[in-house]
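Residue strings, one per chain:
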Amino acid sequence: MKGEQTRQRILDSATELFWARNYHGVSVADVAEVASVNKATLYQYFQSKDVLVQSVVSSSREWTVEHIFDSAFADSKDPMIRLRCIYKRVHVFHQCIFESHNEVRGCPFVNIAMELAVDNELVRMQVVKTFEQFSEYYRTIVRDYRGKRIAKTKVDRLVRALLGNMNGAMVASRYERRPDAILDALPIAELLVKS
């Protein structure tokens, strides 16, 4: 029990630091200090910084699925309401960070992919897996709204466009320092589903 709590504290600390700064801007010593453990203890749970960042991506994906996508789908069976709920939940989360830390961090998955995708194939594959999982929710929204007869190639294009729209909104929210950029992208997502 205590070991699992220590592991989770290290993981939570790394998640916060990697997202607030970036992978290269955070050392193992930084993570250990924030987690209130020594480096030897950290290495007992995560053999390297690379293993730690892979665990951060995986854990963040699980959190996002549970708190954003699954929650949005639990709110309604209507596909457009589900789409709106996804955008609103993402916005609320980023608005809270902005209000408490005075910063907009963007998408943790896009951020880490932009930093490491060329150098670290395992991290790149974790991010690919993440976006593939998110895509299935958008695929369900498109199919439920448009009907089962829509061609698979069109569904695939719409899903990629929906994923890109959200990722673009997250990037815009970061460089504009404005969480509302996420909500600004919602009407485009709605048009994509309806197109």
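Model, not experiment: these values are computed from the prediction.

Things to note about the side chain of lysine 49
(1) Moving on: Here lysine 49 lies in helix α4 (residues 49–75).
(2) Moving on: Among buried charged residues, lysine 49 stands out as having no salt bridge; its nearest opposite-charge side chain is glutamate 115, 7.1 Å away.
(3) Moving on: A polar side-chain atom of lysine 49 sits 2.8 Å from the main-chain carbonyl oxygen of tyrosine 23.
(4) Moving on: Those residues in contact with lysine 49 that sit more than four places away from it in its chain are Phe18, Tyr23, His24, Val26, Ser27 and Val28.

So, the pattern of salt bridges
(1) Moving on: Throughout the structure, instances matching the rule amount to 12 salt bridges.
(2) Moving on: In this structure, glutamate 121 and arginine 124 form a salt bridge, with 2.8 Å as the shortest nitrogen-oxygen distance. With glutamate 121 and arginine 124 both in helix α7 (residues 121–146) and three residues apart, this pair spans about one turn of that helix.
(3) Moving on: Among the residues examined, glutamate 121 registers a relative accessible area of 44% and is labelled partly exposed.
(4) Moving on: With a shortest N-O distance of 2.8 Å, arginine 178 and aspartate 184 are connected by a salt bridge.
(5) Moving on: Residue class for arginine 178 comes out partly exposed when judged on its relative accessible area of 32%.
(6) Moving on: Among the charged side chains, a salt-bridge network with shared partners connects Glu136, Arg139, Lys152 and Asp156.

Some remarks on helix α10 (residues 186–194)
(1) Moving on: Restricting attention to buried positions, one finds in α10 the residues Leu186, Ala189, Glu190, Leu192 and Val193. The buried residues of α10 all sit within an arc of 160° when viewed along its axis, so they share a single face.
(2) Moving on: The inward-facing, buried residues of α10 contact α5 (79–101), α7, α8 (152–176) and α9 (180–184).

Thresholds, definitions, all that
Residues numbered from 1 in each chain as written. Predicted model: local features only at pLDDT ≥ 70, side-chain atom pairs only at ≥ 80, totals over all residues. Heavy atoms only, no water. Helix = DSSP H or I, 4+ residues; strand = E, 2+ residues; numbered from the N terminus. Buried < 20%, exposed > 50% of the residue type's maximum accessible area, 1.4 Å probe, protein only. Lys, Arg positive; Asp, Glu negative; His and termini not counted. Salt bridge = Lys/Arg side-chain N within 4 Å of Asp/Glu carboxyl O. Polar contact = N/O pair within 3.5 Å; in protein donor to acceptor, adjacent residues only side chain to side chain. Contact = heavy atoms within 4.5 Å. Arc of directions from axis to C-beta.

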